[in-house]
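# Coordinates in review
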Amino acid sequence: MLRRYVKPVVVVALLLPWFWLGYLVYLETLQTGSGLGADPVEGLLHYLGEWSMIVLLCAFSVTPLSRQFKWPALIRSRRLIGLSAFSFVLVHSVVFAIFYAELQLQILLREVLERPYITLGMASLMILTLLSLTSTRGWQRRLGKSWKRLHQWVYLAVPLALLHLLWLRKDGYDDVAIYTLWAVVMAAERLYVWRKRQRQDQKAVL
Ligand code: HEM
């Protein structure tokens, strides 16, 4: 019964940060100074960065949570949450490309090569782009067994994103610690299930 409400609730939850951003931008246009902070571009980049991290971790948590709480309905929203994480990262990167790199490929490449935290963020974005493009049923069918292997690259995209954040942060690591713990718990659940399956397979062979 509750199953059919899962997706609409997820959609509304994913739209809320965008609505809030719209409100902050609106406040900014009123020039009350209470929108995106003293430096609005930096405020925008940080807002989108934080939500990129949070939604990416939500996408990474769908499988373990639906498994542990026996809630398969959640799995049906996995693609939606993954694509939403990608859209946050993409807009975060576009803000960087427009306001920091002035839409010049040369500056963008120099930043990627010279600043390790940009290199790490960019690597994560590349992986998420590949995963988003191949997330359709069509690609799932075309790639067969390799599709699962390809989508395991999320195990690299998440630590790269965490390292990006850790590298650029100068002080105040509370949220980074929470994000890291969150990722470790979700990865540990996957490792536990994988090892359990391996043991069962070994038993079946014996
Ligand atoms: C999955 C990918 C990414 C995630 C999760 C992410 C997350 C974040 C977060 C949370 C912040 C805020 C840090 C803070 O508040 O101190 C941030 C800042 C930033 N990000 Fe990203 N990011 C990603 C990819 C990228 C990419 C691809 C670029 C550039 C092309 C980029 C450029 C930046 C810059 C320039 C800042 C601000 C640095 C500063 O304040 O000096 N990020 N990012």
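Refer to the structure printed above.
First, a word on what this report is: a plain description of the structure on this page.

About the thresholds
- All chains use their own residue numbering, which begins from 1 and follows the written sequence.
- Owing to the predicted nature of the model, reporting of local features is limited to residues with pLDDT of at least 70; listing and counting of side-chain atom pairs is limited to 80 or more, with chain, interface and lining totals taken over all residues.
- In computing side-chain values, all of the structure's heavy atoms are included and hydrogens and water are not.
- Each helix corresponds to a stretch of at least 4 residues labelled H or I by DSSP, and each strand to a stretch of at least 2 residues labelled E; elements are numbered beginning at the N terminus.
- Type-normalised accessible area, obtained with a 1.4 Å probe on protein chains alone, sets the label of each residue: buried when under 20%, exposed when over 50%, and partly exposed for intermediate values.
- Should any heavy atoms of two residues lie within 4.5 Å, those residues are counted as being in contact.
- Surface exposure here means Shrake-Rupley accessible area, sampled with a 1.4 Å probe, where a residue is shielded only by the protein chains that are shown.
- We count Lys and Arg on the positive side and Asp and Glu on the negative side, and we leave His and both chain ends out.
- To locate a charge, the coordinates of NZ of Lys, CZ of Arg, CG of Asp or CD of Glu are taken.
- One heavy atom within 4 Å of a molecule or strand makes the whole residue count as near it.
- Under the rule applied, a polar contact is a pair of N or O atoms within 3.5 Å (in protein, one hydrogen donor and one hydrogen acceptor; residues adjacent in sequence only if both atoms are side-chain atoms).
- Here the term cavity refers to a set of points on a 1 Å grid, laid over the protein atoms alone, in which a 1.4 Å probe fits but cannot get out; the term pocket refers to an open set having protein on both sides within 12 Å along at least five of seven lines, with lining residues being those that place an atom within 4 Å of a point.
- Just a note on the criterion: a molecule sits in a pocket or cavity if more than half of its atoms are within 2 Å of the grid points.
- The nonpolar class holds Ala, Val, Leu, Ile, Met, Phe, Trp, Tyr, Cys and Pro. Asp, Glu, Lys and Arg form the charged class, and all remaining residues, Gly among them, are polar.
- Helix axes are fitted only over the stretch in contact, all axes being lines through C-alpha atoms; the angle between N-to-C directions runs from 0 to 180 degrees.
- Oblique is the label for every angle not falling under 35 degrees (roughly parallel), over 145 degrees (roughly antiparallel), or within 65 to 115 degrees (roughly perpendicular).
- Handedness of a crossing is defined here by the sense of rotation of the near helix relative to the far one, left-handed for an anticlockwise turn of less than a right angle and right-handed for a clockwise turn.
- To be clear, the arc concerns the directions from the helix axis to the C-beta atoms.

## Observations regarding the overall build of the protein chain
What the protein chain contains, in helices and strands, is nine helices and zero strands. Starting at the N terminus and walking to the C terminus, you meet the elements of the protein chain as α-α-α-α-α-α-α-α-α. If one aligns the C-alpha atoms of the protein chain with their principal axes, the spans along those axes are about 70 × 45 × 35 Å. For the protein chain, the residues scored as buried account for 38% of the 206 residues in total. Contacts in the protein chain between residues far apart in sequence, at least 24 positions, make up 65% of those at least 6 positions apart. For the protein chain, the exposed area adds up to about 13700 Å²; of that, 67% sits on carbon and sulfur atoms. Mean positive and mean negative side-chain charge positions of the protein chain (24 and 12 charges, respectively) differ by 24 Å.

## Describing the site of the ligand
Around the ligand, the structure places 21 residues, and the nearest of them are His46, Gly49, His92, His164 and Arg169. Arg169 is positioned with one of its side-chain polar atoms (N or O) 2.6 Å from an oxygen atom of the ligand. With respect to the pocket detection grid, the ligand is positioned in the second largest pocket. Contributing elements (two or more residues each) for the shell around the ligand: helix H2 (40–68), helix H3 (78–100), helix H5 (116–133) and helix H8 (154–168). Split by residue class, the shell around the ligand holds eleven nonpolar, eight polar and two charged.

## Some words on the packing of H2 against H3
Think of two packed helices as two axes; the pair is described by the angle between the axes and how far apart they sit. Running from amino to carboxyl end, H2 crosses H3 at an angle of 160°, the nearest separation of the two axes being 8 Å. Between H2 and H3, the angle is such that the two are roughly antiparallel. Two packed elements cross with a definite hand, and for H2 against H3 that hand is left-handed. Looking at the contact of H2 with H3 residue by residue, the classes come out as 19 nonpolar, six polar and two charged.

## Overview of helix H4 (residues 105–114)
Since the α-helix packs 3.6 residues into each turn, any two residues three or four apart lie on the same face. Along H4, the residues classified as buried are Ile107, Leu108, Glu111 and Val112. Along the axis of H4, the buried positions cluster into a sector of 135°, meaning they face one direction only. Opposite the packed face of H4, turned more than 90 degrees from it, sit the exposed residues Leu105, Gln106, Leu113 and Glu114. Buried residues in H4 make contact with H3 and H5.

These results come straight from atomic positions and should not be treated as a statement about function.
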